[in-house]
Amino acid sequence: PIFRGKTIMITGNFHHGSMREVMSILESYEAKVVTQYDSTVNCIVVGQTKENIDGGAIHSGRSNNIKIFDEADFFSTYDIDADIAANLL
(Lines give C-alpha, C1' and ligand atoms only; values in the text may rest on other atoms or scores of the structure.)
Protein backbone atom coordinates (compact mmCIF):
# COMPACT_ATOMS: atom_id res chain seq x y z
CA PRO A 1 0.00 0.00 0.00
CA ILE A 2 2.70 2.50 -0.97
CA PHE A 3 0.16 5.18 -1.86
CA ARG A 4 -2.18 4.77 1.10
CA GLY A 5 -3.63 8.15 1.99
CA LYS A 6 -2.27 9.77 -1.19
CA THR A 7 -4.22 11.33 -4.03
CA ILE A 8 -2.76 10.92 -7.51
CA MET A 9 -4.09 12.83 -10.47
CA ILE A 10 -3.70 11.25 -13.89
CA THR A 11 -3.96 13.06 -17.21
CA GLY A 12 -3.22 12.22 -20.83
CA ASN A 13 -3.07 8.93 -22.71
CA PHE A 14 -1.14 6.06 -21.18
CA HIS A 15 0.94 3.20 -22.57
CA HIS A 16 -0.18 1.14 -19.57
CA GLY A 17 -3.76 1.11 -20.81
CA SER A 18 -6.90 3.15 -20.69
CA MET A 19 -7.56 5.76 -18.03
CA ARG A 20 -9.67 3.17 -16.16
CA GLU A 21 -6.90 0.54 -16.35
CA VAL A 22 -4.28 2.98 -15.02
CA MET A 23 -6.68 4.02 -12.26
CA SER A 24 -7.14 0.36 -11.31
CA ILE A 25 -3.38 -0.22 -11.18
CA LEU A 26 -2.83 2.76 -8.87
CA GLU A 27 -5.87 1.96 -6.76
CA SER A 28 -4.42 -1.51 -6.18
CA TYR A 29 -1.64 0.33 -4.29
CA GLU A 30 -4.36 2.08 -2.25
CA ALA A 31 -4.07 5.46 -3.99
CA LYS A 32 -7.06 7.68 -4.45
CA VAL A 33 -6.96 8.46 -8.17
CA VAL A 34 -8.58 11.53 -9.70
CA THR A 35 -8.70 13.13 -13.12
CA GLN A 36 -9.34 16.70 -11.95
CA TYR A 37 -6.83 18.82 -10.05
CA ASP A 38 -7.74 20.07 -6.58
CA SER A 39 -5.97 20.89 -3.32
CA THR A 40 -5.89 17.23 -2.22
CA VAL A 41 -3.62 16.09 -5.09
CA ASN A 42 -0.20 14.85 -3.91
CA CYS A 43 1.27 14.21 -7.36
CA ILE A 44 0.35 14.25 -11.03
CA VAL A 45 1.14 11.49 -13.52
CA VAL A 46 1.17 12.49 -17.19
CA GLY A 47 0.55 9.83 -19.83
CA GLN A 48 3.50 8.88 -22.01
CA THR A 49 1.86 9.74 -25.34
CA LYS A 50 1.49 13.42 -24.39
CA GLU A 51 -2.07 13.65 -25.77
CA ASN A 52 -5.21 14.89 -23.98
CA ILE A 53 -3.20 16.44 -21.16
CA ASP A 54 -4.88 18.90 -18.81
CA GLY A 55 -2.43 21.80 -19.12
CA GLY A 56 -4.28 23.82 -16.50
CA ALA A 57 -3.77 21.05 -13.96
CA ILE A 58 -0.05 20.85 -14.79
CA HIS A 59 0.25 24.63 -14.34
CA SER A 60 -1.64 24.50 -11.03
CA GLY A 61 0.48 21.60 -9.83
CA ARG A 62 3.71 23.43 -10.64
CA SER A 63 2.42 26.58 -8.94
CA ASN A 64 1.72 24.54 -5.80
CA ASN A 65 5.02 22.59 -5.88
CA ILE A 66 3.23 19.30 -6.62
CA LYS A 67 5.51 16.58 -7.98
CA ILE A 68 4.77 15.89 -11.65
CA PHE A 69 5.89 12.59 -13.20
CA ASP A 70 5.69 11.32 -16.72
CA GLU A 71 4.25 7.83 -16.94
CA ALA A 72 7.53 5.96 -17.53
CA ASP A 73 9.36 7.70 -14.68
CA PHE A 74 6.50 7.17 -12.24
CA PHE A 75 6.11 3.46 -12.99
CA SER A 76 9.89 3.01 -12.85
CA THR A 77 10.43 5.04 -9.67
CA TYR A 78 7.92 2.96 -7.74
CA ASP A 79 8.82 -0.39 -9.41
CA ILE A 80 5.25 -0.80 -10.62
CA ASP A 81 6.30 -2.32 -13.95
CA ALA A 82 8.38 -4.93 -12.13
CA ASP A 83 5.46 -5.68 -9.83
CA ILE A 84 3.08 -6.04 -12.77
CA ALA A 85 5.51 -8.37 -14.56
CA ALA A 86 6.10 -10.45 -11.43
CA ASN A 87 2.37 -10.87 -10.88
CA LEU A 88 1.54 -11.31 -14.58
CA LEU A 89 -1.06 -8.55 -14.44
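Located above this text is the structure these notes cover.
Asker: Explain the overall build of the protein to me, using residue names and the numbers behind them.
Answerer: When helices and strands are counted, the protein shows four helices and four strands. Mapped from its N terminus to its C terminus, the protein presents α and β elements in the order β-α-β-β-α-β-α-α. The C-alpha atoms of the protein give a radius of gyration of 12 Å, which matches the 12 Å a tight globule of 89 residues would have. Its C-alpha atoms give the protein principal-axis dimensions of roughly 35 × 30 × 20 Å. Intrachain contacts of the protein at a sequence separation of at least 6 include 69% that bridge at least 24 residues. In the structure as shown, the protein presents an accessible area of about 5,100 Å², 49% of it carried by carbon and sulfur atoms. Charge centroids of the protein, computed over 7 positive and 12 negative side chains, lie 8 Å from each other.

Asker: How would you summarise the side chain of Glu-71 if you had to cite specific residues and measurements?
Answerer: Considering the arrangement of structural elements, one finds Glu-71 in helix α3 (residues 71-77). In this structure Glu-71 is buried but unpaired, with Lys-50 as the nearest side chain of opposite charge at 7.2 Å. The contact partners of Glu-71, leaving out residues within four places of it in the chain, are Asn-13, Phe-14, His-15, His-16, Val-45, Val-46, Gly-47 and Gln-48.

Asker: Describe the pairing of strand β4 (residues 67-70), naming the residues involved and giving the relevant values.
Answerer: Relative to β4, strand β3 (residues 43-46) runs parallel, the two being bridged by four bridges. The partner of Cys-43 across the bridge, within β4, is Lys-67. For the crossover that starts at β3, traverses helix α2 (residues 55-63) and ends in the parallel β4, the hand is right-handed.

Asker: Could you give an account of the pattern of salt bridges, with specific residues and numbers?
Answerer: All chains considered together, the criterion is met by two salt bridges. Put simply, Arg-4 and Glu-30 hold a salt bridge, and the shortest N to O gap is 2.7 Å. Residue Arg-4 is found in the segment before β1 (7-11), and its partner Glu-30 is found in the loop between α1 (19-27) and β2 (32-34); the two are separated by 26 residues along the sequence. Look at Glu-30 and you get partly exposed, because its relative accessible area is 40%.

Asker: So what's going on with the nonpolar core? Which residues, and what values?
Answerer: Side chains that are nonpolar tend, in soluble globular proteins, to be buried together. Formed by 18 residues in total, the largest nonpolar core has its most connected members in Phe-3, Ile-8, Ile-10, Leu-26, Phe-74 and Ile-80. When contributions to this core are tallied by element, the ones reaching two or more residues are β1, α1, β3, α3 and α4 (80-86). Ranked by residues supplied to this core, first place goes to α1 with four residues. Residues within four places of Phe-3 in sequence aside, it is in contact with Ile-8, Tyr-29, Glu-30, Ala-31, Phe-74, Tyr-78 and Ile-80.

Conventions used here
Position labels on residues start from 1 in each chain and follow its written sequence. Predicted model: local features are reported for residues with pLDDT of at least 70 only, side-chain atom pairs are reported and counted for 80 or more only, and whole-chain, interface and lining totals are derived from all residues. Remark: hydrogens and water are excluded; side-chain values derive from all non-hydrogen atoms of the structure. Only DSSP runs of H or I covering at least 4 residues are called helices, and only runs of E covering at least 2 are called strands; the numbering of each starts at the N terminus. The globule rule used for comparison is 2.2 Å times the number of residues to the exponent 0.38, while the radius of gyration itself is calculated over C-alpha atoms. Every residue pair with non-hydrogen atoms within 4.5 Å of one another is taken to be in contact. Accessible surface area values rest on a Shrake-Rupley calculation with a 1.4 Å probe, where residue burial reflects the displayed protein chains alone. None of His or the chain ends enter the tally, which takes Lys and Arg as positive and Asp and Glu as negative. In plain terms, the charge of a residue is placed at NZ if it is Lys, CZ if Arg, CG if Asp and CD if Glu. For the exposure calls, accessible area comes from a 1.4 Å probe over protein chains only, and a residue counts as buried if that area is under 20% of its type's maximum, exposed if over 50%, partly exposed in between. One speaks of a salt bridge when a side-chain nitrogen belonging to Lys or Arg is within 4 Å of a carboxyl oxygen belonging to Asp or Glu. The criterion for strand pairing is that DSSP finds at least two bridges linking the strands in question. Assignment of crossover handedness uses the view with strands pointing away from the viewer, where a clockwise path from the first strand over the helix to the second indicates a right-handed crossover. Note on terminology: a nonpolar core comprises buried Ala, Val, Leu, Ile, Met, Phe, Trp, Tyr and Cys residues joined through side-chain atoms within 4.5 Å.

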